[in-house]
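Listed here are the chains, written in short residue letters.
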Amino acid sequence: MKVLLLSILFLSSLLAKPSDVSLQLLWKHQFQFAGFYVAKERGYYEQVGLNVDIKEYNSTINIVDDVILGKSTYGIGRSSLLIDKVKGKPVVPFGAIYQHSPIVLISTNPKIKKLIDLKHKKIMITKDAISSASISGMLAHSYGLKNNMLLQKHSFDYHDLLDGTTDAMACYISNEPYYLEKSNIKYKVFDPKEYGFDFYGDIIFTSMQEVQKNPDRVKSFYVASKKGWTWAFNNIEESAKLIYDKYNTQNKSLESLIYEGYALKKLAFVDGIPFGSISKNKFESISRIFKFKGMMDFNDNFDDFLYPFKEKVKIGVLAKRGKEVTHKRWNLLAEYLNNRLDYYDFEIVPLDFVQLEESVKNKSVDFIITNTMYYVLLENRYGISRIATLVNSDILNKYRLIQFGGVIFTKSDSTNINELIDLEDETIGAVSSLSFGGWIMGYEELIKHDKNFKDVKVKFFGTHDAVVNAVLEDKVKVGTVRTDTLERMANEGKIKLSDIKVIAPKKYKNFPYLVSTKLYPEWPIAKLSHTSDELANKLLSEIVNYKANDEDIKNNKILGWTVPLDYSSVHGVLKKLRLPPYENIELRFEDILEEYSIFFYIIVVAVIALISRLIYDWRLNIYLNQYNKRLDSAVRSKTRELTAANKKLKILANQDALTKISNRAHFMKFARKYFEIANRNDESLQVLSLDLDYFKKINDTYGHQTGDCVLKEFTNKVSLLLRKSDIFGRVGGEEFCILLQNTSIKGAENFATRVCEEIENMDITCDKNTINITVSIGVASLKDEKSIEELIKKSDIALYTSKEKGRNQVRIYTQN
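Residues numbered from 1 in each chain as written. Predicted model: local features only at pLDDT ≥ 70, side-chain atom pairs only at ≥ 80, totals over all residues. Heavy atoms only, no water.

## Things to note about the nonpolar core
Piece 1. By size, the foremost hydrophobic cluster in this structure holds 163 residues, and its most contacted members are Phe36, Leu105, Phe221 and Phe346.
Piece 2. With eight residues, helix H11 (residues 215-234) is the single largest residue contributor to this core.
Piece 3. Residues in contact with Phe346, not counting those within four places in the same chain, are Val313, Ile315, Ala334, Leu337, Asn338, Leu341, Leu535 and Leu539.
Piece 4. Listed in part, the 32 residues of the second largest apolar core include Ile698, Leu711, Phe714 and Ile764. (Core = buried A, V, L, I, M, F, W, Y, C linked by side-chain atoms within 4.5 Å. Buried < 20%, exposed > 50% of the residue type's maximum accessible area, 1.4 Å probe, protein only. Helix = DSSP H or I, 4+ residues; strand = E, 2+ residues; numbered from the N terminus. Contact = heavy atoms within 4.5 Å.)

In structure tokens form, the structure reads like this:
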């Protein structure tokens, strides 16, 4: 019967009709859409039950309306989808092929070297390029170009650049440059992202109706398409040949298709961003540009706009108190990371001891949080690496705890059990043979008290809560669990501490829990060998800056994370108890008897055996001492390296690497605190947005090294003008922000004017070049803003006004 059912299911899967869907491209067939062709031709769509019709673009098609009306299931759009959404169209982006838009402005006119040189010049730009706003935004950003250009209808013929029909043309970086380079024609590229207009290119989107009715189909299409794109970019020549043979409606050469593939790969794969991802933060940045250009009202609600497929990251957690309690305690960590790391979906996976090792062995999780001893074992077996140590809190939130111990206990009414010696004939309840706080620490304490405890009877119950309940229910007389278990269960109303009696209690300074053993380092979080260093560094950067709020501490007792601690004491107890990875094969007396003939006299055999054992023990002790020294040295060396690396990481997380002032994240962290203080105390607060004028010209003329020198001299000069209470941070390439506390708007204006004058009068010498710069400043004063971000937006608007009015000046934000 079982075979019959399996056969029926197999035949049903073969006979199942694939789902018919269509994809509307935004241009004609070329390498720009290679991943979709590959997914279709290599059967990736078919594998997920999809029959995909890839539709070439023509001028009569409105892609957004076709997708909304169901004429096409999916479409390829640009960042202007955001405008469509604000206009009420139910579009839902769920992936971006290119993290940077391939649309650029190209000129072959040798007299055009800077954007300002396009003043009164002819520019070919498509309607779609205008709606994407990257080209038009870049042109408007250059003071003096606005309304001083002749926009022409796009001919899509690069020869118009050569014969002077136009001075500049909106092009794809992957297309026209190929033909210009092949003809040895020099050209100048103006890339919008270099001017702060960094938009997506080729966004995969669908309708809200498709997302609601067929979410699994949307995901299947995305996964299969992503698989096709990965193959296409890993096999550019073969993909180009596929397009050349089957999709070449534009009659492109194979060489040009290959050139296009390599050019587009640079835009699709960006360090730190998983391929195909879309970001809420980036769309928020794009929406501000649209708002500034008057193309849409600002919208900060993107919850129903994006349908991103994030990279799943699993954190396996040892469920010491059971899976339900573990989920409740650690889910806040996943939520925190999901809010901070835009492209990843973190998930907590509670696991028992056996499941945890299986997950590490099978690489089914990416990080683990486990007890200290189990980490040492898994590190030895599977090469995992700890990256941080847990910082716990006590029940009353008075202490930062980076160590824990074990507690041996019985019921308070057990009159015949008061000391360790009373446990000789008792069965001890413990968590697991692999539980450090729930067995090994207590076992070490017993052995230290009396060697006879080496063969003590023990019964394992799986979780700490189960051990406590077993003692209270008289299943065993004595139990051992990690410190804080009894207090947490009492705080949760599950037990009464008055029903518990601690055996051999100890006291440690600033350690509030009941304890019977030595203290050892808290649990680590560790990366598995397959987890990338890049992802581990991102996670580490976030968790070391994690500051739990009062509610989190109350519910979970997690204050945060610190650098990995020295595990020498853990290795020491494992060596002492000869536990993995410090097992020792002892020489058996039976082996000696088998080695020698029974014809030897018994006395001779006994002497030889004694001498052999002495020699063996002597050599073994020498070997173990040497091995222990090497291992201890390696552990201390690794710990020092990790401590130094994490100290450096903390600095990098807060400081701009070039100018040594606060980076954006660090500035915003303190800006939010100043904002809260000013609101709470009804104090004044001023924000200054600063932008170096014509800074790109400096980079283009003197090079980026000189540009870096100018930025450092600028920040050094401004820093000298600041008070200790002021905050100064670099928030962009040549963009800075200053926060002034307890300063009137007039005082802020005077200060900003002084900055303008001081900067204008500077003579900056970099690489034997004397350079003069100016700065434009926008000022906004705290009134009724709901957030520091809203206040900074207003100072940015004032800054843009300063730019438009001629630069090198101060403008105060005023409500229109």
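On we go from here.
## Quick look at the pairing of strand S1 (residues 19-24)
Piece 1. When S1 meets strand S2 (residues 50-55), the two strands line up parallel, connected through six bridges. Along S2, the bridge assignment pairs Ser22 with Asp53.
Piece 2. Here two bridges tie S1 to strand S3 (residues 74-77), and the two strands are oriented parallel to one another. Across the sheet, Leu23 pairs through a bridge with Tyr74, a residue of S3. (Pairing = 2+ DSSP bridges.)

## So, unusual backbone geometry
Piece 1. That bond from Pro580 to Pro581 is cis: its omega, 10 degrees, falls within 30 degrees of zero.
Piece 2. We note that Phe156 has phi near 60 degrees; this positive angle belongs to a residue other than glycine.
Piece 3. As for its position among the elements, Phe156 is in the loop between strand S7 (150-152) and helix H8 (159-162).
Piece 4. At Lys660, a residue that is not glycine, the phi angle is positive and equals roughly 65 degrees.
Piece 5. You can see Lys660 is positioned in the loop between helix H25 (602-654) and helix H26 (664-681).

## Notes on the sheet that holds strand S20 (residues 478-482)
Piece 1. With respect to topology, five strands assemble into an open sheet ordered S19-S18-S20-S17-S21, the strand pairing being mixed. Single-partner strands in this sheet number two, and they are strand S19 (457-460) and strand S21 (500-503). Going from strand to strand, the sheet's axes swing by 35 degrees on average, the running direction of each strand aside.
Piece 2. Here five bridges tie strand S17 (residues 406-411) to S20, and the two strands are oriented antiparallel to one another. Directly across from Phe409, in S20, lies its bridge partner Gly479.
Piece 3. Against the sheet, helix H19 (residues 464-472) contacts S17, strand S18 (427-430), S20 and S21, and its axis sits at roughly 155 degrees relative to S20. (Axes fitted to C-alpha atoms, helices over the stretch in contact; angles between N-to-C directions.)

## A short note on the environment of Leu23
Piece 1. Locating Leu23 in the fold gives a position in strand S1.
Piece 2. Given a relative accessible area of 0%, Leu23 falls into the buried group.
Piece 3. Dropping the residues within four chain positions of it, Leu23 is found in contact with Phe36, Val52, Asp53, Ile54, Lys55, Tyr74, Gly75, Ile76 and Phe221.

## Description of the pattern of salt bridges
Piece 1. Under the counting rule described, the total for this entry stands at 35 salt bridges.
Piece 2. Here Lys494 ties to Glu492 by a salt bridge, and the two come within 3.3 Å at their closest N and O atoms.
Piece 3. Among the ionic pairs, Arg807 bridges to Asp693, the shortest N-O distance being 3.8 Å. Linking Arg807 in the loop between helix H30 (788-804) and strand S31 (810-812) with Asp693 in the loop between strand S25 (685-692) and helix H27 (695-702), this pair joins segments that are 114 residues apart in sequence. Grouping residues by exposure puts Arg807 and Asp693 together as buried. (Salt bridge = Lys/Arg side-chain N within 4 Å of Asp/Glu carboxyl O.)

## With respect to the side chain of Ser662
Piece 1. Secondary-structure assignment places Ser662 in the loop between H25 and H26.
Piece 2. On the accessibility criterion, Ser662 (16% relative accessible area) is buried.
Piece 3. At a separation of 3.1 Å, a polar atom in the side chain of Ser662 contacts the side chain of His666. (Polar contact = N/O pair within 3.5 Å; in protein donor to acceptor, adjacent residues only side chain to side chain.)

## What to know about H11
Piece 1. In this model H11 runs 29 Å from its N-terminal to its C-terminal C-alpha over 20 residues, within 8% of the 28 Å that 1.5 Å per residue would give.
Piece 2. Along H11, the positions that sit buried rather than exposed are Val218, Phe221, Tyr222, Ala224, Ser225, Gly228, Trp229, Trp231, Ala232 and Phe233. (Expected span 1.5 Å × (residues − 1).)

## Remarks on the packing of H11 against helix H12 (residues 236-246)
Piece 1. Contact geometry for H11 and H12: axes closest at 5 Å, N-to-C directions at 110 degrees. By the angle between their axes, H11 is roughly perpendicular relative to H12. Together, Trp231, Ala232, Phe233 and Asn234 of H11 and Ile236, Glu238 and Ser239 of H12 make up the contact between the two elements.
Piece 2. In terms of residue class, the contact of H11 with H12 is built from four nonpolar, two polar and one charged. (Parallel < 35°, antiparallel > 145°, perpendicular 65-115°, else oblique. Nonpolar A, V, L, I, M, F, W, Y, C, P; charged D, E, K, R; others polar.)

## A closer look at the packing of helix H2 (residues 34-41) against H11
Piece 1. Taken N-terminus to C-terminus, the directions of H2 and H11 make an angle of 105 degrees; their axes are 7 Å apart at the nearest point. One element, H2, and the other, H11, form an angle in the roughly perpendicular class. For the pair formed by H2 and H11, the contact residues are Ala34, Gly35, Phe36, Val38 and Ala39 on the first element and Phe221, Ala224, Ser225, Gly228, Trp229, Trp231 and Ala232 on the second.
Piece 2. Taken together, the residues that form the contact of H2 with H11 break down as nine nonpolar, three polar and no charged.

## Observations concerning the confidence of the model for the protein
Piece 1. For the protein, per-residue confidence averages 87 on the pLDDT scale, and 90% of positions sit at 70 or higher.
Piece 2. Predicted confidence for residues 8-15 stays below pLDDT 50, and this span has zero contacts to residues more than four positions away or in other chains.
Piece 3. Per-residue pLDDT stays below 50 along residues 591-597; that stretch engages in five contacts with residues further than four places along the chain or on separate chains. (pLDDT = per-residue confidence, 0-100.)

## Some points on the packing of aromatic side chains
Piece 1. Enumeration according to the criterion identifies 30 aromatic pairs in this entry.
Piece 2. For the ring pair Tyr178 and Tyr259, a centre distance of 5.4 Å and an interplane angle of 55 degrees mean the geometry is tilted. Remark: Tyr259 occurs in helix H13 (residues 254-268) and Tyr178 occurs in helix H9 (residues 176-182); sequence separation between them is 81 residues.
Piece 3. Overall, the relative accessible area of 24% leaves Tyr259 in the partly exposed class.
Piece 4. Taken together, the ring pairs connect Phe31, Phe36, Tyr45, Tyr74, Phe94, Tyr98, Phe221, Tyr222, Trp229, Phe233, Phe269 and Phe275 into an aromatic cluster.
Piece 5. Above the ring of Trp27, the side-chain terminus of Lys28 is found at 6.0 Å from the ring centroid. (Phe/Tyr/Trp six-rings, centres within 6.5 Å; stacked < 30°, edge-to-face > 60°. Lys NZ or Arg CZ within 6 Å of the ring centre and 35° of its normal.)

## Quick notes on the pairing of strand S23 (residues 524-527)
A regular strand places its side chains so that they alternate between the two faces of the sheet.
Piece 1. Residues Pro524 and Ala526 line one face of S23 and the alternating positions Ile525 and Lys527 line the opposite face, and both faces are buried.
Piece 2. Sheet topology places strand S14 (residues 385-393) next to S23; four bridges connect them, and they run antiparallel. Along S23, the bridge assignment pairs Thr389 with Pro524.

## Brief notes about a positive patch on the surface
Piece 1. A surface patch of positive charge is lined by Arg400, Lys547, Lys669 and Lys673.
Piece 2. Secondary-structure assignment places Lys673 in helix H26.
Piece 3. In this structure Lys673 comes out as partly exposed when scored by relative accessible area, which is 41%. (Patch = residues over 30% accessible without salt bridge, like charges linked within 9 Å, V, L, I, M, F, W, Y side chains within 5 Å. Areas by Shrake-Rupley, 256 points an atom, 1.4 Å probe, with all protein chains shown as cover. Lys, Arg positive; Asp, Glu negative; His and termini not counted. Charge placed at Lys NZ, Arg CZ, Asp CG, Glu CD.)

## A word on the sheet that holds S2
In a beta sheet, neighbouring strands pair by backbone hydrogen bonds and run either parallel or antiparallel.
Piece 1. Sheet architecture is open: five strands sit in the order S2-S1-S3-S10-S4, paired in mixed fashion. Only two strands of the sheet have a single partner each, and these edge strands are S2 and strand S4 (91-98). Between one strand and the next, the sheet's axes are offset by a mean angle of 25 degrees, whatever the strand orientation.

## Focus on H19
Piece 1. Those residues of H19 lying buried are His464, Asp465, Val467, Val468, Ala470 and Val471.
Piece 2. Taking the backbone nitrogen of Ala466 as reference, a side-chain oxygen 3.1 Å away marks Thr463 as the first, capping residue of H19.
Piece 3. Within two residues after H19, Asp474 carries a phi angle of roughly 65 degrees, on the positive side.

## Some points on the environment of Glu260
Piece 1. With respect to the element layout, Glu260 can be found in helix H13.
Piece 2. Glu260 sits 88 residues away from Tyr172 along the chain, and the two C-alpha atoms are 9.4 Å apart.
Piece 3. Apart from the residues lying within four places of it in its own chain, the contact partners of Glu260 are Gln30, Phe31, Gln32, Ser174, Asn175 and Lys252.

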